[in-house]
Amino acid sequence: MVSSSVCEHVLARALSRGGTFAEIFIEDSRNFSMSLRDGRIENAALSRPYGAGVRVYDGLRSIYVYTCDVSESGLLRAAERAAAAVTDTPKSVGDIKLAERVNADIHPVKTPFLSVEASRRAEILRKADKAARAVSSNIVQVSAGLLSREQHVLIANSEGLYTGDTRVYTRLLCSAVASDGKENQTGMRNPGALMGFELFDSRVDPEKTGHDAAQSAVTMLTAPYCAAGEMPVVIAGGFGGVIFHEACGHALEATSVAPGMSVFAGKLGQQIAAPCVTAIDDGTMPNEWGSENIDDEGTPTTRLVLIENGILRNYMVDRLNGRKMGMAPTGSARRENYTYAPTSRMRNTFIAPGHDDEDEMILTMGDGLYAAQMGGGSVNPATGEFNFAVQEGYLVRDGKIVSPVRGASLIGKGEQILMRIDRVGQHMTMGQGMCGSLSGSVPTNVGQPTIRVSSLTVGGRAIRIFNPLVLDYEVYTKLNEGVEIPEVAVEAPDGVKVQVVQATQENPIAVIYANEGMEERIYKVIF
C-alpha cells in the first residue's frame, strides 16, 4: 500500500516536535452487504474504506490523527498535525529504519467472498428464509443478511516495525418474527467466521440458521412470563458466554485496569472465581470470528489464560496501557478501522471446558431457570454490575424443564457470578458478536460450556412467591377450584404486596394486580 521509505519519512515528521513513539496504521478494506426481507432481495452494497491513522505518544498520553488521503503528502500532513499537539520536549529522533516482518497466516481463506457470483450469495439468503417460514404459520416476517469484509492493513512504527495482515470475515444474519395477531416475538441467529465463502461449505448451514431463529420465536410466542427472584440458573453454551464477556471480560482489559476503573485492578494472583472456572482469551484459534494473525499494533496474536482454576493470571494489554501498567503487550490491541486509535480488546473469549455433566446440572438444581439463548445487555466495568436479557428461557421445577418462559433477565455483578459458578460442562461452543468500546466495534467470539450459577437474580414480569407457606392449604385449594380470594397477600420482591384476582384448576397461573406507588400493573404469579 505505502512503501517503507514513505513510512519512515512520516514517522520522522510525527516525532519532529517531541514524543517517545510514533505509529502509522493504513487500511484498505472492501465491505459487502446483501439483505433479504419478505422473500425479496432488498439491496446489495459494496464500499471501500481506505485511509490511515498516525499516532504519537506524548509521555503516557496518546495523540491520534486520521485521514483518507494516503498519498505521501497527505500522510505527512496528518503526521504534522499530530506532532503539533505534542507537549514533550523535542529530542533528536535519529534515522528511523524499517525492517519488514512477514507473519505466518494461520487463518487461510479458500474462497474469497467477492469472487462468488451474486446468485450464489442470494441463494444463501433464500435458503434461510424458506427454512424459517416452514417452521410455523405464525412466522410473519423473516429478514436475512450477508456480510463480508476483506481488510488489508499495514502497520509501521518508530521502533522499526513494518508489517501487514489480511483479514476476511463472512457472516450470515437471520431474524424471524412470530405473531399470534396480538403479540410478536423475535428469534435470531448470526453465525460467522474469519473465512471466505467456504463458511457455507464447512461451518454454517443457512437452512439450520433460519430454522433455529424461527423456532426460538415460535417457542417464546406462547410462553408465559418468567417469575422474578433469586434462583439457580443454568446457562447454555455458545452465546451464553456473553455474560462472562460483558460482566467480567471488559473489566480484564487494560483499558479499564490501567486507570483503576476495574473491579479486578490489582488482583493478579488472587482468587476471583470458583476453582472450577478457567477463562481464556485466544486470538490464535484458526479461522475463528475474533482471531487475527497480528493485532492492530502489529503484535503477534496470543493465547492468553485470564483465569486459571479461579486465580486471576493475566490482563489483556495494549502498548499504551502496558506502559502505564509496566506490562508487555499481549496482542490484544484492536480497532474498528483507521478512524480509531487501538486499545485493549477481547478476541475469542471463553470459559474453558470442565468436567461436569450438563444433564446433572438441571437434575440437581431444584427450581430455577435454564437460559438456552442469551440476548443483549449492559455492564458497568467499574462496578461489574450487569443486566442481560434471556432470549429463550425455560422454567425448571424440581430438576425438570417444565415450560418455556419469556421476559427473563439476569442481573448481578461479575465478581459475584464468577464465585457462584458451581458446575462447568464438558463441551465448549462459541457464538459470534460485535463488541463496542473506545476503539469502535470489533468482531469477537464469546463462548463457554453449559454452566450453572448457584444463585442469581432473575428479573421478570411475573412475581415469584418466595414463601409458598404464605398461601395456606385452604386458600390454595380454593384458588384451584376457581374461587376468588379478594385479599390474599403473598411475599414478593422488595416487599411488593400483590392481590390474587382469579385462578382456575386448569390454569394455576393467577392474574394479579400490584400497586407500586401510583402505578397499577398486571402480573402473573406461579404457584
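Residues numbered from 1 in each chain as written. Predicted model: local features only at pLDDT ≥ 70, side-chain atom pairs only at ≥ 80, totals over all residues. Heavy atoms only, no water.

Draft legend 1. View of the overall build of the chain. Along the backbone of the chain there are 11 helices and 28 strands. Looking at the chain as a whole, 54% of its 527 residues are labelled buried. Of the accessible surface of the chain, which amounts to about 22200 Å², a share of 50% is contributed by carbon and sulfur atoms. (Helix = DSSP H or I, 4+ residues; strand = E, 2+ residues; numbered from the N terminus. Buried < 20%, exposed > 50% of the residue type's maximum accessible area, 1.4 Å probe, protein only. Areas by Shrake-Rupley, 256 points an atom, 1.4 Å probe, with all protein chains shown as cover.)

Draft legend 2. Up close: the environment of His 427. Checked against the element boundaries, His 427 lands in the loop between strand 21 (421–424) and strand 22 (429–437). For the pair His 427 and Pro 449, spaced 22 residues apart in sequence, the C-alpha to C-alpha distance is 5.1 Å. Discounting chain neighbours no more than four positions away, the residues touching His 427 are Glu 358, Gln 448, Pro 449 and Thr 450. (Contact = heavy atoms within 4.5 Å.)

Draft legend 3. Spatial organisation of the pattern of salt bridges. Taken as a whole and assessed by the stated rule, the structure comprises 28 salt bridges. For Arg 347, the salt bridge goes to Asp 281, with nearest N and O atoms at 2.7 Å. Highlighted residues: Arg 347 in the loop between strand 15 (343–344) and strand 16 (348–351) and Asp 281 in strand 11 (residues 279–282), separated in sequence by 66 residues. Its salt-bridge partner being Asp 422, residue Arg 452 comes within 3.1 Å of it at the nearest N-O pair. Of this pair, Arg 452 sits in strand 24 (residues 451–459) while Asp 422 is found in strand 21, placing the two residues 30 residues apart along the sequence. Beyond isolated ion pairs, a larger network of salt bridges with shared partners links Asp 165, Arg 167, Glu 292, Asp 296 and Arg 334. (Salt bridge = Lys/Arg side-chain N within 4 Å of Asp/Glu carboxyl O.)

Draft legend 4. Representation of the environment of Gly 196 within the structure. Structurally, Gly 196 is set in the loop between strand 9 (192–193) and helix 4 (199–202). Here the alpha-carbon distance between Gly 196 and Ser 148, two residues 48 residues apart in the chain, equals 8.0 Å. Leaving out residues up to four positions away in the same chain, Gly 196 has contacts with Val 109, Thr 111, Phe 113, Val 168 and Thr 170.

Draft legend 5. Here's a closer look at the packing of aromatic side chains. Overall, the coordinates contain 8 aromatic pairs when judged by the stated rule. Seen from their ring centres, Tyr 66 and Tyr 338 are 6.1 Å apart, and the 70° between their planes marks the pair as edge-to-face. Placement of the pair is Tyr 66 in strand 4 (residues 61–67) and Tyr 338 in the loop between strand 14 (333–334) and strand 15, with a sequence separation of 272 residues. Taken together, Phe 32, Phe 113, Phe 197 and Phe 200 form an aromatic cluster joined through their ring pairs. Positioned above the aromatic ring of Phe 32 is the side chain of Arg 121, whose terminal nitrogen or guanidinium carbon lies 4.6 Å from the ring centre. Stacked on the ring of Tyr 225, the Lys or Arg Arg 406 has its end atom at 4.7 Å from the ring centre. (Phe/Tyr/Trp six-rings, centres within 6.5 Å; stacked < 30°, edge-to-face > 60°. Lys NZ or Arg CZ within 6 Å of the ring centre and 35° of its normal.)

Draft legend 6. Structural detail: the sheet that holds strand 12 (residues 303–308). Strand order in the open sheet formed by 6 strands is 13-12-11-16-23-22, and the pairing between neighbours is mixed. Looking at strand neighbours, the two that pair on one side only are strand 13 (311–312) and strand 22, the edges of this open sheet. As paired elements, strand 16 and strand 23 (residues 440–448) share 3 bridges and run parallel to each other. Along strand 23, the bridge assignment pairs Thr 349 with Val 446. The strands touched by helix 6 (residues 242–249) within the sheet are strand 11, strand 12, strand 16, strand 22 and strand 23, with strand 23 carrying the most contacts at an inclination of about 120°. (Pairing = 2+ DSSP bridges. Axes fitted to C-alpha atoms, helices over the stretch in contact; angles between N-to-C directions.)

Draft legend 7. Representation of the nonpolar core. Counting 48 residues, the largest nonpolar core has Ile 235, Ile 243, Phe 264, Ile 307, Leu 369, Met 374 and Leu 410 as the members making the most contacts within it. Counting residues per element, this core draws most heavily on helix 6, which supplies 5 residues. Apart from the residues within four sequence positions on either side, Phe 264 is in contact with Cys 248, Ala 251, Leu 252, Ile 272, Leu 312, Tyr 315, Glu 415 and Leu 418. (Core = buried A, V, L, I, M, F, W, Y, C linked by side-chain atoms within 4.5 Å.)

Draft legend 8. Representation of the environment of Met 419 in the model. Examined against the element boundaries, Met 419 turns out to sit in helix 10 (residues 414–420). Residues Met 419 and Ser 454, spaced 35 residues apart in sequence, show a C-alpha to C-alpha distance of 9.3 Å.

Draft legend 9. Examining unusual backbone geometry more closely. Non-glycine residue Asn 309 carries a positive phi angle of around 50°. In this fold, Asn 309 is placed in the loop between strand 12 and strand 13. Its identity is not glycine, yet Asp 398 carries a phi of approximately 50°, on the positive side. Within the secondary structure, Asp 398 sits in the loop between strand 18 (385–397) and strand 19 (400–405). Using a relative accessible area of 63% as the deciding quantity, one classes Asp 398 as exposed.

Draft legend 10. Molecular detail of the packing of helix 1 (residues 4–14) against helix 2 (residues 72–84). Across the interface, helix 1 lies against helix 2 with an axial gap of 7 Å and an inter-helix angle of 20°. On the basis of their axis angle, the class for helix 1 and helix 2 is roughly parallel. Every pair of crossing elements has a handedness; the one defined by helix 1 and helix 2 is right-handed. Contacts between helix 1 and helix 2 involve Val 6, His 9, Val 10, Arg 13 and Ala 14 from the first element and Glu 72, Leu 75, Leu 76, Ala 79, Glu 80 and Ala 83 from the second. Considered class by class, the residues forming the contact of helix 1 with helix 2 number 7 nonpolar, 1 polar and 3 charged. (Parallel < 35°, antiparallel > 145°, perpendicular 65-115°, else oblique. Left-handed = near helix turned anticlockwise from the far one by under 90°. Nonpolar A, V, L, I, M, F, W, Y, C, P; charged D, E, K, R; others polar.)

Draft legend 11. Region of the structure containing the side chain of Thr 67. Within the secondary structure, Thr 67 is located in strand 4. A polar atom in the side chain of Thr 67 sits 3.0 Å from the backbone nitrogen of Asp 69. Apart from the residues lying within four places of it in its own chain, the contact partners of Thr 67 are Gly 51, Ala 52, Gly 74, Ala 78 and Tyr 338. (Polar contact = N/O pair within 3.5 Å; in protein donor to acceptor, adjacent residues only side chain to side chain.)

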